[in-house]
Amino acid sequence: MINARVTVTLKNGVLDPQGKAIEGALGALGFDGIGNVRQGKVFDLQIETADKAKAEAELKAMCEKLLANTVIENYTISLD
């Protein structure tokens, strides 16, 4: 069994209204000096294989087909 984490974030240059809202809220809560907040999403998965290369290939396919919109998002994969 392999534990995996996929992190999906917006590409640079893509507007991030949720990140801007979080940035404003942090300022309103008294956290000064915070800027360029970007939000993303994280997926934790367990893959029933011992083959890390196979797991990574499957995860890339999942990202390309469902987990990330590759037009506007980047993704990274980490395996344990």
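Residues numbered from 1 in each chain as written. Predicted model: local features only at pLDDT ≥ 70, side-chain atom pairs only at ≥ 80, totals over all residues. Heavy atoms only, no water.

## Quick look at a nonpolar patch on the surface
- A contiguous nonpolar surface patch, about 330 Å² in accessible area, is contributed by Leu29, Phe31 and Ile34.
- For Ile34, the location among the structural elements is in the loop between α1 (17-28) and β2 (40-47).
- Residue Ile34 is classed as partly exposed on the basis of its relative accessible area of 40%. (Patch = residues over 30% accessible without salt bridge, like charges linked within 9 Å, V, L, I, M, F, W, Y side chains within 5 Å. Areas by Shrake-Rupley, 256 points an atom, 1.4 Å probe, with all protein chains shown as cover. Salt bridge = Lys/Arg side-chain N within 4 Å of Asp/Glu carboxyl O. Helix = DSSP H or I, 4+ residues; strand = E, 2+ residues; numbered from the N terminus. Buried < 20%, exposed > 50% of the residue type's maximum accessible area, 1.4 Å probe, protein only.)

## Re the pattern of salt bridges
- Throughout the structure, instances matching the rule amount to 3 salt bridges.
- Put simply, Glu73 and Lys41 hold a salt bridge, and the shortest N to O gap is 3.6 Å. Of this pair, Glu73 sits in strand β3 (residues 73-79) while Lys41 sits in strand β2, and the two are 32 residues apart along the sequence.
- Take Glu73: its relative accessible area is 13%, and that puts it in the buried class.
- On the basis of relative accessibility, which here comes to 34%, the residue Lys41 falls in the partly exposed class.

## Observations regarding the sheet that holds β3
- Overall, antiparallel pairing links the 3 strands, which are arranged β2-β1-β3 in an open sheet. What marks the edges here is a single partner per strand, and that holds for β2 and β3. Here the average twist between neighbouring strands, direction ignored, is 20°.
- The strands touched by helix α2 (residues 52-67) within the sheet are β1 (2-10), β2 and β3, with β3 carrying the most contacts at an inclination of about 155°. (Pairing = 2+ DSSP bridges. Axes fitted to C-alpha atoms, helices over the stretch in contact; angles between N-to-C directions. Contact = heavy atoms within 4.5 Å.)

Function cannot be inferred from these measures alone, as they are strictly geometric.
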